[in-house]
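# Secondary and tertiary structure notes
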Amino acid sequence: MRKIGLIALLFSLCLPSYAMPDIRIEHGKSLDGFARARIINNTTEILACYVAIDGYKKKFVLGPLKPSTWYKATDKRFNYKHFSTWCDYLEFYPHYAKYQ
């Protein structure tokens, strides 16, 4: 039994761990009352990201330790729950480099 536990431990140490990047999502309202969102990169890596709402997706590259621009909804009926956001390391998604 100890041998199986040791093998499992060694196997898990050999696997690379790819954690999702440390980001923060901020939601708010613009001065004219539209819902908006932005992503803040809390890592020292460049990230590939998108913000989507109502089927429209805005892809972009986010620099280290920087916030994105605010992305605003097009209808006042939308709120923060309607936004979808995603980020991962640019090295895994090199095709996002064209969105700089």
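Presented here is a report on the structure given in the accompanying data block. No experiment lies behind these values; they were computed from the predicted model shown. Positions within a chain are numbered from 1, following the residues in the order the chain's sequence is written. The predicted nature of this model means local features are confined to residues of pLDDT at least 70 and side-chain atom pairs, given and counted, to a pLDDT of 80 or more, with totals for whole chains, interfaces and linings taken over all residues. The side-chain quantities take in all heavy atoms of the structure and omit both hydrogens and water.

## Focus: the overall build of the protein chain
For the protein chain, the count of helices and strands is one helix and six strands. Should any heavy atoms of two residues lie within 4.5 Å, those residues are considered in contact. Taking the intrachain contacts of the protein chain between residues at least 6 apart in sequence as the baseline, contacts between residues at least 24 apart amount to 57%. The way it works is that DSSP assigns letters per residue, a run of H or I at least four long becomes a helix, a run of E at least two long becomes a strand, and they are numbered from the N terminus.

## As for the side chain of Ser30
Within the secondary structure layout, Ser30 lies in the loop between strand 1 (23-29) and strand 2 (35-41). In this view, Ser30 contacts Arg36 and Lys72; residues no more than four positions away in its chain are not counted.

## Section: unusual backbone geometry
You will see that Asp54, though not glycine, has its phi angle at about 55°, which is positive. Mapped onto the fold, Asp54 is located in the loop between strand 3 (47-53) and strand 4 (56-62). A positive phi angle, near 55°, is found at Leu65, a position not held by glycine. Within the secondary structure, Leu65 is located in the loop between strand 4 and strand 5 (71-72).

## What to know about the nonpolar core
Of all hydrophobic cores here, the largest spans 15 residues; its most connected members are Ile39, Cys49, Phe60 and Phe83. Elements that contribute at least two residues to this core include exactly strand 2, strand 3, strand 4 and strand 6 (83-89). Here, nonpolar core refers to any group of buried Ala, Val, Leu, Ile, Met, Phe, Trp, Tyr and Cys residues whose side-chain atoms link them within 4.5 Å. Partly exposed describes any residue whose relative accessible area lies between the buried limit of under 20% and the exposed limit of over 50%, with all areas from a 1.4 Å probe on protein chains only and scaled to the type maximum. Judged by nonpolar contacts, the second largest core, of seven residues, contains Ala52, Val61, Trp86 and Leu90.

## Considerations on the sheet that holds strand 1
Strands pair, by our definition, only if DSSP identifies at least two bridges between them. Within the open sheet, the three strands sit side by side as 1-2-5. Their pairing is antiparallel. The sheet is open, and its two borders are formed by strand 1 and strand 5, each paired with just one other strand.

## Here's the deal with the state of the cysteines
Here, a disulfide means two cysteine sulfur atoms that sit within 2.5 Å of each other. Tallied over the entire structure, the rule returns one disulfide. Here Cys49 is linked by a disulfide to Cys87, with a sulfur-sulfur distance of 2.0 Å. Because the sign of the S-S torsion sets the handedness, a value of about 110° for the bond joining Cys49 and Cys87 places this disulfide among the right-handed ones. One end of the pair, Cys49, is in strand 3; the other, Cys87, is in strand 6, and 38 residues separate them in sequence. Relative accessible area serves as the criterion here: at 3%, Cys87 is assigned to the buried category.

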